[in-house]
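Survey of secondary and tertiary structure
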Amino acid sequence: MEKIAIFPGSFDPFTIGHESVVRRAIPMFDKIIIMIGYNTKKQSFFPLEKRERWIAQVFDDQPKIEVRTHEGLTVDFARSVNASYILRGLRTSADFEYERAIAQMNKKLYSNIETVFLLTMPEHTPINSSIVRDIILHGGDASMFIPKGLNMDEFTL
């Protein structure tokens with residue numbers, strides 16, 4: 001049976017912390033689907049199409065990685081792609097408490113799913129999409145927080 005994991009998030013934007021978690025998980029799974037979750041009732045900072053393209057560009061050298069979008073419950077997406085794992089990165093103990101509650105609810109909703117947590121690298125602990133968005137919004141240089149190879153000019157509003 002193929003070991004398929006999904007890595008869900010809004011990735012608005014995708015950061016070097018996200019990239020690190022995915023790259024470190026590649027040896028653990030046959031396929032990792034980066035699932036960009038969206039809600040049509042909420043306004044994102046970056047358009048969904050850009051986020052999808054950026055993430056695909058980051059992993060264009062990795063045949064095990066797919067990028068897809070989904071609106072709705074993560075477990076419904078997991079079922080639809082035959083994923084048995086949800087991959088999540090943990091930066092802090094607060095992340096753990098939040099992610100644990102979600103993982104337990106996902107398990108209740110879909111008993112075949114297991115959540116796998118990877119600790120972020122220490123140097124990525126303070127990085128999150130909200131802070132990176134704020135830096136970009138205010139004209140700061142966020143290039144050190146965005147995966148290499150992405151054109152920072154595209155991140156301006």
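Rules used in this analysis
Residues numbered from 1 in each chain as written. Predicted model: local features only at pLDDT ≥ 70, side-chain atom pairs only at ≥ 80, totals over all residues. Heavy atoms only, no water. Salt bridge = Lys/Arg side-chain N within 4 Å of Asp/Glu carboxyl O. Helix = DSSP H or I, 4+ residues; strand = E, 2+ residues; numbered from the N terminus. Pairing = 2+ DSSP bridges. Axes fitted to C-alpha atoms, helices over the stretch in contact; angles between N-to-C directions. Phe/Tyr/Trp six-rings, centres within 6.5 Å; stacked < 30°, edge-to-face > 60°. Buried < 20%, exposed > 50% of the residue type's maximum accessible area, 1.4 Å probe, protein only.

One pass over the structure, following the stated rule, counts 10 salt bridges. When the shortest N-O distance is used, the salt bridge between Arg79 and Asp76 registers 3.0 Å. Within this pair, Arg79 and its partner Asp76 are both found in helix α3 (residues 74-80), separated by 3 residues, close to a single helical turn. Arg88 serves as the salt-bridge partner of Glu99, at 2.7 Å between the closest nitrogen and oxygen. On the criterion of sequence distance, the pair formed by Glu99 in helix α4 (residues 93-109) and Arg88 in strand β4 (residues 85-90) is long-range, its members being 11 residues apart. Residues participating in the shared-partner salt-bridge network are Glu19, Arg23 and Asp61.

Judged from the 2 bridges that link them, strand β1 (residues 4-9) and β4 form a sheet pairing that is parallel. Of the residues in β4, the one forming a bridge with Ala5 is Tyr85. Where β4 and strand β5 (residues 114-119) come together, 6 bridges link them in parallel fashion. Each residue of the ladder has a partner; that of Tyr85, found in β5, is Glu114.

A few words on the sheet that holds β4. Two orientations exist for strands paired in a sheet by backbone hydrogen bonds: parallel and antiparallel. Here 5 strands make up an open sheet; going across it, the order is β3-β2-β1-β4-β5 and the pairing parallel. The outermost strands of the open sheet, each flanked by one partner alone, are β3 (65-70) and β5. Ignoring strand direction, the axes of neighbouring strands in this sheet form an average angle of 30 degrees.

The next thing to look at is the packing of aromatic side chains. Per the stated rule, a full pass over the model turns up 7 aromatic pairs. When the ring of Phe11 is compared with that of Phe14, the centres are 5.3 Å apart and the planes differ by 65 degrees; the resulting orientation is edge-to-face. Residue Phe11 is classed as buried on the basis of its relative accessible area, which comes to 3%. Classification of Phe14 by relative accessible area gives buried; the value is 3%. A centroid spacing of 5.9 Å and a plane angle of 85 degrees characterise the contact between Phe14 and Phe59, whose relative ring orientation is edge-to-face. Taken as a pair, Phe14 in the loop between β1 and α1 (16-25) and Phe59 in the loop between α2 (48-58) and β3 lie far apart in primary sequence, 45 residues in all. Residues Phe14 and Phe59 agree in their burial class; the two are buried. Within the aromatic cluster, the residues linked to one another by ring pairs are Phe7, Phe11, Phe14 and Phe59.

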